[in-house]
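Letter by letter, the chains look like this.
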Amino acid sequence: MHRKSLLLILSVFALSSCDLLSMVGLKKENTDQTQVNEKEESDDNQENHSTTTDDNTGSNTNTNDDNTGSNTQVDDTDETENTPFSLENWENFSFHEGNEPVYNDYWTFYYGSSKNPNGRLWQNPSENSSYSGVEFVKNCQIISPLFNSWTKIECRFTFWFSSHTSSSYSATANQPQFKLESYDSNSTLLETQNIEITKSNIPNNNSPYVKQIYITQPTATHFILKWNNYIANGSSGYSAILCDVGLKGWPYN
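If you're wondering where the values come from, they're calculated on a predicted model, not measured in any experiment. (Residues numbered from 1 in each chain as written. Predicted model: local features only at pLDDT ≥ 70, side-chain atom pairs only at ≥ 80, totals over all residues. Heavy atoms only, no water.)

A. Structural view of unusual backbone geometry. Positive phi values are uncommon outside glycine, yet serine 187 reaches one of about 60°. Tracing the sequence through the fold places serine 187 in the loop between strand 10 (178-183) and strand 11 (189-195). Of note in the backbone geometry, asparagine 206 takes a positive phi value of approximately 65° without being a glycine. In this fold, asparagine 206 is placed in the loop between strand 11 and strand 12 (209-215). (Helix = DSSP H or I, 4+ residues; strand = E, 2+ residues; numbered from the N terminus.)

Following this line, the structure appears as structure tokens:
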């Protein structure tokens, strides 16, 4: 009798031990899985809450040329999506309204990668002067609107010039002041022309200067005018202010 009771007690204890071990194993498995889930959730939170820096340093550019940025190559195809000008007659574009400088709606100006930024519009201090416009400094360029192709296109750029005393405006020797790049409808570069302006070209009566350039690429549909150098004036220099542009197509060279 006692022998049977002892065997029964041992059997119950063995079954209880198995259940206890199963429970411990199950608890450990659940604990491990919870730790894995918590780690994955922590990683997800760390990724989703990472700090993002918005580098928009060129959006409010001032006239200090120390912040010249990089000479960014812009996509001119996005800037010329408009109905082409025929240029059968003269088309005149202004970068001022009276004495107030403004960006022209048909042209796109870039300072580095900043489109039509603050700080690049220059107002002539002379009262009632129409010689205000867009100031060209380092890393500046302007994209023309689309126009019909002609055998020859005449471009008349009206500039006014601002004298500076800072050495940051000093000119590089033997370098043109502008480069004009002509493109076709596929934005293929057709030609690059150097535009030189010297101190002797600057009128001494505070009047503007008209620079005449011809594009003789019969498939040209737009161009980019790029700053390349200041106008030398001793240890400093002049910056050019673009006031007006006139364009006309001709069927002959």
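Having seen the model, we can carry on.
B. Representation of the environment of asparagine 92 in the model. Along the chain, the position of asparagine 92 falls in strand 1 (residues 91-94). The residues touching asparagine 92, leaving out its near neighbours within four places in the chain, are Val245 and Gly246. (Contact = heavy atoms within 4.5 Å.)

C. The arrangement of the confidence of the model for the protein chain in detail. When the pLDDT values of the protein chain are averaged, the result is 78; 68% of them are 70 or greater. Predicted confidence for residues 1-72 stays below pLDDT 50, and this span has 34 contacts to residues more than four positions away or in other chains. (pLDDT = per-residue confidence, 0-100.)

D. Representation of the nonpolar core in the model. Membership of the largest hydrophobic core comes to 40 residues, with the highest contact counts inside it found for Phe136, Phe157, Phe159, Phe161, Phe223, Leu225 and Leu247. The set of elements that each furnish at least two residues to this core consists of strand 4 (108-111), strand 7 (133-136), strand 8 (140-143), strand 9 (152-164), strand 10, strand 12, strand 13 (222-227) and strand 15 (236-250). Non-local contacts of phenylalanine 136, meaning those with residues more than four positions away in its chain, are made with Phe109, Gln141, Ile142, Phe178, Leu225, Trp227, Tyr230, Ser239, Ala240 and Leu242. (Core = buried A, V, L, I, M, F, W, Y, C linked by side-chain atoms within 4.5 Å. Buried < 20%, exposed > 50% of the residue type's maximum accessible area, 1.4 Å probe, protein only.)

E. The arrangement of the pairing of strand 4 in detail. Here strand 4 shows no split at all, with Thr108 and Tyr110 on one side and Phe109 and Tyr111 on the other all buried. Here four bridges tie strand 4 to strand 8, and the two strands are oriented antiparallel to one another. Within the sheet, the bridge partner assigned to tyrosine 111 lies in strand 8 and is cysteine 140. Bridge count between strand 4 and strand 5 (residues 114-115): two bridges; the pairing is antiparallel. (Pairing = 2+ DSSP bridges.)

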